[in-house]
Structures are given as C-alpha cells and as structure tokens.
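So the chains spell out like this:
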Amino acid sequence: MAPIARLLLLALLSTALTISSGSGDGYTINGRVKIPQGLGTKGFALPGKTSNVKVILNGGQIVTYLRPDGYFSFQNIPAGTHLIEVAAIGYFFSPVRVDVSARNPGKVQAALTENRRGLSELVLEPLRDEQYYEIREPFSIMSVVKSPMGLMVGFMLVVVFLMPKLVENMDPEEMRRAQEEMRNQGVPSLASLLPGGGRN
Amino acid sequence: MAIRSFLILFILFFFSSLNPILSLYEDQVGLVDWHQQYLGKVKQAVFHTHKTGRKRVVVSTEENVVASLDLRQGEIFWRHVLGSNDVIDGIDIALGKYVITLSSGGSILRAWNLPDGQMVWESSLRGPKHSKSLFLVRTNLKIEKDNIVIIFSNGRLNAVSCMDGEVLWEKDFEGESLKVQQVIQPPGSNLIYVVGFASSSLFEMYQINALNGELLKHESAAFSGGFLGEVSPVFSETVVALDSTGLILLTISFQNGKISFHQMPISNLVKDSFGPAKIIPSSVIGIFAIKMNAVTIVIRVKDESKLEVVEKTNHETSISDALSISEGQQAFALVQHASHEIHLRVKLAHNWDDNLLKESVKMDQHRGLVHKVYINNYIRTDKSYGFRALIVMEDHSLLLLQQGEIVWSREDGLASIIDVTTSELPVERDGVSVAKVEHNLFEWLKGHMLKLKGTLMLASPQDIAAIQSMRLKNSEKSKMTRDHNGFRKLLIVLTRAGKLFALHTGDGHIVWSHLLQSLQKSKVCQHPIGLNLYKWQVPHHHAMDENPSVLVIGKCGPSSDAPGALSFVDTYTGKELSSLSLVHSVAQVIPLPYTDSTEQCLHLLIDADKHAHLYPKTPEAISIFEREFSNIYWYSVEDDNGIIKGHALRGKCTGEVADEVCFDTRELWSIVFPSESEKIIATVTRKLNEVVHTQAKVIADQEVMYKYISRNLLFVATVALKGSVEIGSVTPEESWLVAYLIDTVTGRILHQVTHHGSQGPVHAVFSENWVVYHYFNLKAQRYEMSVIEIYDQSRADNKDVWKLVLGKHNLTSPISLYSRPDVITKSQSYFFTHSVKAIAVTSTTKGITSKQLLIGTIGDQVLALDKRFLDPRRTVNPTQAEKEEGIIPLTDPLPIIPQSYVTHALRVEGLRGIITVPAKLESTTLVFAHGVDLFFTQLAPSRTYDSLTDDFNYALLLITIVALLAAIFVTWTLSERKELQENWR
C-alpha cells in the first residue's frame, strides 16, 4: 500500500498536466494515473503494483510506465487524435481519447471513450476494480440442506416422521379398509414400494 | 408415485447444483492452469553483487525484456516487457540502485529501481541525425555526488545524470559521413574519446571533456586502404581495425592527439590464413580476437603496435567483456566448445599464459553452441577469487556456471514460439502394481476425509494447506499416458532458435527438447528460419504401434526463394527421424486431408515458382494424391500487390525439375484490389480440423436456417491506404475498411461490407458460418467488433423436418460453379473497450458445445466472451420466444466481466497467439496462450455438463448412500416386526 499512499500524497501536491509542444517534430503528452486507495483493498491482496502498470498509446505503438508519483509522458507525438489505454491488473480503466493539435497547445482535449466523459486534465482513474475470482460462499447449514444429499436426507425424514402422523390422522374406517386391502394384497413390504418390485 | 417424483426431484436438483463453472475461485488457481515466465535470448547482462544482500543479475533480451534475476536460483525478481518497437540497446547499473536502459534506437532512457523494478525516471534523447551507432558508457565520473552516464545516439553525445535523468550537456557530431565506431572513456580521467570513420578512408578522433562536453581536440588522418567493419579498443588510446580488404590489421593509436597507423597483414601472423577476417569486439585491455571462417584467433597487442597470436582454434569461442577485479587488474573469460563439453577459462588481461580458472562443464548437446558469456567474481573463503559465468546458448537458454557445475538454467527459448501443435500421449499399458492401488486408495480416502472437513469448515489452517497442495500436486495430471478425458496431451512448440520442445499440458514441464539440425547455422545455410509445424503422422486404428511424429518446415534465409528444409520428429521420444534439405523453396504448405496406410498425412508444398511438391515422396502417396487430383484447390495472398489468386493442379512437372512428386499448377481466378485505395491487412479462414455438429439452426418461430458451412471461405479485410498507418494520424473521412467473404474455389465474392471511418489493425476469427473481427472506429474513437453470419438460402425451402430426418432434403437447385450460391448474411457491430492482440475461438471434439471467443487484450490478458454476445439477431427488446432461445438484449458495448478472464489475475506478457485444442470430453477445450510467457488452461464454455466437477464431494455422496442403505434396513426390520405383531394380533 505504500506506493499508493505516496501517490496520493503527491496527488495533492502536484497540479495540472498538459500537452506541450516538444523541442523537435512532435508534441508531448503528459498525464497521470491515479489509483484511489479505496479500490482493490477489500477481499484479497492488491494484485497489481504501480510498477506493473503500463500506459499504452494507440494500441501498442508506444508503451510507457509510471513514475513513482504516477506520472507518465509520451514524447514525440504527431498532431492528431490518439488513444491512451492503461493496463493494470485488478483495475478497469477506460481508454482515453486525446486530441493533440497545434492550434491550442497547452490545453487538454481528452475524453473517456467508455462513458464519453470529458477530462479537464489528463488524470486517469480506474472506473472500477476487477475481481478475477468468484468469492466462495461461507459455509452455511442452508447450503448443506439445499444440496442434493441434504434434500435426500430431508425427504427421508419427512417420510419417516410425517407419514405416520398422516396415517394417524386418517379416518379410522378408511384406515381399516386400507388395512384390509393390504391384507388381501399381501405384505406391504418395502420391496413393493421400490420401482420394479411393486406389483400394483 | 412418491418415489418417482422423488427421483425426478433428485435429478433436477442434482443438475441444478452443478456449479456454473464460468469462473474460478481463488483456491482453484493452478488446478488446471499453469503459467510460466520467460525472458527471451539475453543480449546483455550486468551483475550486481557488490553489496551484501540479494545477489542479482540484470539482463536485457531480444524480446525487449529487462529483468532482474536472482543469481542463486535464476528466479525473476522483477521484469518489464517493453513495447514491441522499443528495442533495448543497452543496460547498465548506476549508483548501485538504478538499472538504466537505453531503448528505441537510442531515444529513450529509463531508470528502474533495482530492488522492485519501479520506473524512477524517463528521459527522451534526440539527435541531429538518425544513426545506427549507439553506445551506453558507464563512467565513474562524479559531478556533485551524481554519477553520469555517457550516451551516444543519433549523432549526439549526451551526458545524463543518473539521479533524475536530466541531460547535463550534449554535443552534436554533425559530420555528414561520420560513423562513430567507439566512445572510449579511459578510467580515472575526465576525457572522452569519440572515434569513427568519415567517408571511407578518414579516421576521426574527438577528445571531449567529460565534465562539460567541451571539445578539446579534433584530429583526423587518412588511410588509403579504407576501413572495414568495427573497431576494437585495446588500450585507452589505441584501437584495432581492419582495412577494407579484411586482410590487414591496423593498429590506430591517437596518443596525445597524434594519430598513427600500424599495418600488419594477417598472413604475417597466421601462416595458413584464408579469406577476409572479422573483428570480434571485446573490451579487454590489450587483447582482441578476429574470426576467419570458422577459425578464431586471439591476438595480444604489446607495446602499442606489436601483435602476437596467442591462440588459434577451430572450436567455437566466445569471449566475455573485461571484469576489473582489483586495482588495474582485468579478468576475462573464454569459453570454448568441444562436442559434449564446454571449457571455461578465466584469465588476467595482461597475463595470457596463466589461467585464473579452468573448468570443463558437461553440456547437453541440445543446447547448441555458446553464444555469449558474462563473468562475475566473488571472494572465496580462502580470500582467492572465484568466478561465476552466465552463458547464453544457441537455443537461447541461460545458464549459470560456478565451480564446474551448472547452478541453474532457464529455457528462455520458450519466450519466442513460432508455431504450436499437439500430440497425443502413449496409451496406458497394463502393469499397475497392486501396492500402488492400495496406497492410492488410502490416500484417496484420506484426501476425501480432508475435503469433507474442508467443506464442513472443520479444517484447521494446516488441513487447508494440505488440501490445497494435494489438489495442486495431483499426480494424475502430469502422468505420461493418455487419459480418458483427453486432458493430457503434449504441446509441441517450435522456437525461433530452431529448437523443438514438448510440454506436458498437465503441469507444463518439458518432456523433451531437441535442437533441430536442419534449422542450425551451417555452411550451406547461413540464416535458417523455422516456419511451421504440422502433424505428420497421427497413428490410430491400424497403425497404433507407430509413434506419432511432426513435420517441421524451415527455410534458409529470409528471401522468398530460399531453399526449404524439412525435419521429421518423433513426438514420444523427441528424436529427429530424418531431415531433408530441399532444392526448392517453400512459399506455402497445404496439409491435405488424406493419409496413407501408415497414417502419414499428405502435404503439398508450393514453391516460389508455383510448382507443387508432394510429401511423403512415396508411390502410395502419389497414387492417393492422383485420385484426388482434381479436388485440390488453394489460394495465395500477395499483400504487397493486393492480389488474391486461386490455384489448382495441372499435371506433372515439365522441364528440368521433372520429379515424380512435382506438379505444375494453374491459376484459376484472381481478385485484384485497387492498389491506390485498398490494402489487404488481414485474411483468415476456418481452422482445417474444425468440427461442426449441426448445419441447421432452429430460430425462435420454429423456422430453420441453414448455416453456410464451407471450408473454402476466406475472410479478407482491406483498408484505405491512409488507414493502414497507426491510429492518430488519419481523419475518419479518409479512411474506410472493407470486409469481404470470398469463396476460394470459385473466387466469387459472397459478401462485402464497408465500414466508413474505420481502420485497422484488424484481428479476425472464422468459425462455422461466422466471422468476428475487431477494428478501430475513428468516428466513435472506439474499438468495434463486428460479426457476420452467413446462411444458405437455397435450402430454406426444406422446412419439412421429416424430410430432414429421412435425409430427403436434397437441394432443388443444382450445385454448380456458375450459379451464384444463394446466401444471406446477417451482421451486427458492437463496441469493445480494449485493443486486441489476438482472437481465437474455443473448439471441441464434436462441436456441440457452444463457443466462446478468446480475446487477447492489450493488457496481455485473455478474455472469454460468449459467442451469444455476438449474435446478429440480438435486438434491444427481444420477444419472449427469442428470450427463451437465449438471445441477449442488445447493448452497444460488449460486456467485460472480470471473472471471465481465463488468465484470471495473471498476464501473458508479450501475448502473440492463442491456440485452442479440443479435449476428448465434449464440454472441454484446452487453451494455450503464448508470448514471452506461456499460459495453459482448460475451459468449459457451456460448463462441464458431461462430467462431475473436480470439487464434487464423492465422500459425501458415499456417506449419504450408506446412510440411506442403513435407513432402508432399519425401516425394513421395523416394518417386518410391526407386520409380525399385526399378524399376531
């Protein structure tokens, strides 16, 4: 967590970042990646460190890394509309469209492509953090009951304890009739209940 | 009745309780997947062993990787894979805590924190002209407690502060024809010498003050003989060069600003010299080496101009850079190769005759020759110097030698895989001992008891650890035999070094590796290149006893008419069965769907002159081939000219190349794209071995649609010329992308769609009757993915299911080349967030399981996306019937669900390709992603509906069954007793 804390500290100290015309034949895009502290801390350990964050211009044309304070820069960029992507394990970043033009140097024209939100300065923040794993449900008695085995046992219990009750509540006459019927038919053994064994 | 409904209930719940295994739990990592990290061939290595604490070596590689390795085990502390055009030119360690890398043709300088790899600063260097010569010079110069590095790049000399990357001073070398050859910084002085050649015969020397960049002296002298190649510094003010013929050695000294040449014909030094020599640059004082053909000659320079041959050898020799071990003493290492051994000698620079160290190390022949050596010293307990050597072998592996032993080795050749295929493992033979079974049974029971404890949350932390390790170390998965589900296979990979590896899919270990002779540098073939890997022999049925084998195709050199080379390798043993040097070139390889009686697959090799050559060259193969002669069609794509051509065979070769297995070809059709407006950027076809289960698709309103399934469909994407450059430099108006579906037999364009304001790069995948492609939409400034599905309309009338069942659904319209196939296409486009590096699709044995797209994103992760998201029939408000069919309501962007990353929290750095192989189990597919890293996993796109999941609790099932049986017997006896009582009553 230390790098992030430092990052936050520096976030307060430093200000805007810009597109500046370079000394040579291109422009420089300066920006910053800010990973807020709240994200990615719950659940399991932070998967990605700031040292593994890559900033990618135009689908891999230039790849750069973050400085300890989260800043990055692309140099020697021609005028035009560019796409910046941030690859960080554990976070979802929206690609950012950046316009670089000679007309208004020093001004940032950037927008997130995911939600078309404009950015007044090139500070890239993750839209959300990414959980790559399902979270195991904690053990509960309900999960055992709901499992097929649990259901089987439950059904058995129902048969064993509720069926005699049902039999008790039956009309005595009907009961006698049923018993007679049974006697006529033979032994009401379990075998007759099993499929294949039943003769009725 | 009750029992029956109970059974139904049971079955229902049983199936519903099968977990939806679309994603992983964290503790399932490593159960079926494995991940291996590599670096690539090491270009440069710098040791960091001065301080107490962890001993490291920092390396840069040809895969643009900079990494810090543990010197004791060879493990990676940290690693960065730079962008693909960010080639590393030099590395160094500064201030004892920063790793400095110079990359991108000497224009980007970065510093990384040595302990954790965090980038500290980055600075960009520019120069007046583009030049190839690049130097990163380590200095001990200090300006106000700060170290500086001297960098020469793009015609400018820069002094950069190591603390913050600030350029302290710069000096341009504008001279039009000046080619700087060396930048020398004599230790202990504040001077820098820049030496180089101007025009062809002028030697230039600049002396510069290292503290402020001031030019102190500039001298030049002409040498009529001209210069060749590189120079090697031998003393701080003397360099050695070769004249333009390569026969005369020149010692050039520029002491005190006076340039003087001394000539020495090589023939004077070496009696039987032959041919021009080449200087092998080294940084050792007073010693350099030249190479003539295969002979390496080490020459010592005495007193500025006297040369003396100290060693001449036929063996392959590598010389390390100098290592200063104490004040004024330099050591260097010499490695020589002798068949099974390598000889390592460490010597002092000024004392050739004695060896500080002499060791012989047994070396696996399949590592090839030693390409590079780096040495480092340590102080032994008896205060003498010990040396360790890091060597880079021909197969790109990296080894650390110490005290005559290989301490560790890394198979870094696996970072540059060219092609992948799979092979089955041998069938399990009987002979499993009883003892083993009992042991297994006991283990099995114990394991399940533990698992049960785990499920009931009764397990202690130790138990949990035991469960986890038990699951990971499942001996079943790395067995060397075929399994019932077809999960265990061999992945055969061909690397750029010309080495073939067999990896076990269970845990990724290397089963065998073989350095192919046909892909090694030899006198006939100077620059062999491996091209492809094909299954040559897949024994089943009647040829079960044969071992399967693969065909490796390579060629000599990058030109299109370079002769080809074939190798046949047994996949069980890794032995090279035979190898062939071809007389013809290999432009295209067509694996034919025919096999001979020994299950060898027929392959057709097309050369640059459009002749077809059949392999294997057996009469049987020829007879099979001639039977199918008129059924063989193929196409070729000429990207540069924008032409796609269709070909067929004509007859036996005529002319001087007359050969039994050589055939002439004819051109059937050609499609010429207007070169001024369209450029081919992607072509993709269906996988040859793909299985389609059903041709018909029943849609919501009981209608049947027939998929247009043809193996001869080709997807072609072209862009406007302006759109073929990178994103950011074109406007939407001047760029468009056209997607075509072409029948490769007739050359007919079946479908064509234009995406205005879009551009490449295009990544596409073709499967069954659909193609999915990914491109950039300039108007929306987002990436898009489109799907095209193609359906056969000519059979649309066959709606009678009975006809279908009885097989009487024959077409009413006859199939003919001349009639246009009656097809309709449906397509739809969606936004996709990320850039894409590769797209693949899952494949299963019978093609029943629904498909998932595997998308390799720019962040080097692999995302699984259900094909249902790319269904052209998606609408914003699907009807009830459509919903029942499984159509998802349309949303513009495709969803990215973090749990569906098949690589979960891992990265496959430098991702290049994704390969899917069907397992025997229909629900499961094997996925192998390769780049600098390797990643393998099993996927079940529609969940494992045909087998129980791994975490199915058999013990709980057993206990339940036992409990049920017990209950049955108890109730039985109870009921018997009750009945008896009833009878007595």
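Keep in mind that what you see is a predicted model, and the values were worked out from it rather than measured.

1. Quick look at the overall build of chain B
(1) Moving on: Within chain B one finds 8 helices and 66 strands.
(2) Moving on: Going through the 985 residues of chain B one by one, you find that 53% of them count as buried.
(3) Moving on: Taking all contacts inside chain B whose residues are at least 6 apart in sequence as the whole, residues at least 24 apart take part in 50%.
(4) Moving on: Approximately 44500 Å² of chain B is accessible, and the part contributed by carbon and sulfur atoms is 54%.

2. Some words on the overall build of chain A
(1) Moving on: Looking only at helices and strands, one finds 5 helices and 13 strands in chain A.
(2) Moving on: The 200 residues of chain A split such that 37% are buried.
(3) Moving on: Restricting the contact set of chain A to residue pairs at least 6 apart, pairs at least 24 apart contribute 56%.
(4) Moving on: When the accessible surface of chain A is summed, it comes to about 11100 Å², and 58% of that surface belongs to carbon and sulfur atoms.

3. Observations regarding the nonpolar core
(1) Moving on: Counting 36 residues, the largest nonpolar core has Val57, Val59, Leu390, Leu414, Phe928 and Leu934 of chain B as its most contacted members.
(2) Moving on: Ranked by size, the runner-up nonpolar core spans 25 residues in total, among them Ile84, Val86, Ala110 and Leu122 of chain A.

4. Examining the interface of chain B and chain A
(1) Moving on: If you look at the interface, chain B gives 73 residues, while chain A gives 60 residues.
(2) Moving on: Summed over both sides, the interface between chain B and chain A buries roughly 5900 Å², with carbon and sulfur atoms accounting for 59% of that surface.
(3) Moving on: Summed over the shared surface of chain B and chain A, the number is 4 salt bridges.
(4) Moving on: Glu122 of chain B is paired through a salt bridge with Arg67 of chain A; the nearest N and O atoms lie 4.0 Å apart.
(5) Moving on: In this structure, the connection of chain B to chain A is made through 16 residue pairs in polar contact (both at pLDDT 80 or more).
(6) Moving on: Only helix 1 (2–16), strand 1 (24–25), strand 6 (76–81), strand 9 (108–113), strand 10 (119–124), strand 59 (782–792) and helix 8 (954–984) of chain B provide two or more residues apiece to the side of chain B that touches chain A.
(7) Moving on: Sort the elements by how many residues they give to the side of chain B that touches chain A and helix 8 of chain B lands first, with 10 residues.
(8) Moving on: Residue composition of the side of chain B that touches chain A, grouped by class: 32 nonpolar, 24 polar and 17 charged.
(9) Moving on: Of the pairings in the sheet, the one linking strand 13 (residues 133–134) of chain A to strand 1 of chain B comprises 2 bridges and is parallel in character. Looking across to strand 1 of chain B, one finds that Tyr133 of chain A is bridged to Leu24 of chain B.

5. A few points about the pairing of strand 2 (residues 27–33) of chain A
All names here are of chain A.
(1) Moving on: Taken across its 7 residues, strand 2 has 6 buried, putting it largely inside the fold.
(2) Moving on: As judged from the 5 bridges shared by strand 2 and strand 5 (residues 71–77), these two strands associate in the antiparallel manner. Within strand 5, the residue paired with Ile29 across the bridge is Phe74.
(3) Moving on: The sheet contact formed by strand 2 and strand 11 (residues 123–124) spans 2 bridges and is parallel. Within strand 11, the position partnered with Arg32 by the bridge is Val123.

6. With respect to the sheet that holds strand 41 (residues 528–537) of chain B
Residues and elements named next belong to chain B.
(1) Moving on: The sheet built from 4 strands is open, its strands ordered 41-42-43-44 with antiparallel pairing. Whereas interior strands pair on both sides, the edge strands pair on one side only; in this sheet they are strand 41 and strand 44 (576–585). Adjacent strand axes in the sheet meet at a mean angle of 20 degrees when their direction is disregarded.
(2) Moving on: Bridge analysis of strand 42 (residues 549–556) against strand 43 (residues 563–570) gives 7 bridges, and the strand direction is antiparallel. Paired with Lys555 across the two strands is Gly564, which belongs to strand 43.

7. Quick word on the confidence of the model for chain A
All names here are of chain A.
(1) Moving on: Averaged over every residue, the pLDDT of chain A is 71; residues scoring 70 or more account for 68%.
(2) Moving on: The low-confidence segment residues 1–17 (pLDDT under 50) makes 32 contacts with residues lying over four places distant or belonging to another chain.
(3) Moving on: Of the regions scoring below 50 in pLDDT, residues 39–48 engages in 18 contacts with residues more than four places distant in sequence or in other chains.

8. Quick look at the pattern of salt bridges
Residues and elements named next belong to chain B.
(1) Moving on: Taken as a whole, this structure holds 32 salt bridges over all chains when the rule is applied.
(2) Moving on: A salt bridge links Asp395 to Lys499; the shortest N-O distance between them is 2.4 Å. Taken together, the residues span a long stretch of sequence, with Asp395 in the loop between strand 34 (385–393) and strand 35 (398–402) and Lys499 in strand 39 (residues 499–504) at a distance of 104 residues.
(3) Moving on: The class for Asp395 is buried, based on a relative accessible area of 0%.

Analysis parameters
- Residues numbered from 1 in each chain as written.
- Chains lettered and ligands numbered in written order.
- Predicted model: local features only at pLDDT ≥ 70, side-chain atom pairs only at ≥ 80, totals over all residues.
- Heavy atoms only, no water.
- Helix = DSSP H or I, 4+ residues; strand = E, 2+ residues; numbered from the N terminus.
- Buried < 20%, exposed > 50% of the residue type's maximum accessible area, 1.4 Å probe, protein only.
- Contact = heavy atoms within 4.5 Å.
- Areas by Shrake-Rupley, 256 points an atom, 1.4 Å probe, with all protein chains shown as cover.
- Core = buried A, V, L, I, M, F, W, Y, C linked by side-chain atoms within 4.5 Å.
- Buried area = accessible area lost by both parts, 1.4 Å probe.
- Salt bridge = Lys/Arg side-chain N within 4 Å of Asp/Glu carboxyl O.
- Polar contact = N/O pair within 3.5 Å; in protein donor to acceptor, adjacent residues only side chain to side chain.
- Nonpolar A, V, L, I, M, F, W, Y, C, P; charged D, E, K, R; others polar.
- Pairing = 2+ DSSP bridges.
- Axes fitted to C-alpha atoms, helices over the stretch in contact; angles between N-to-C directions.
- pLDDT = per-residue confidence, 0-100.

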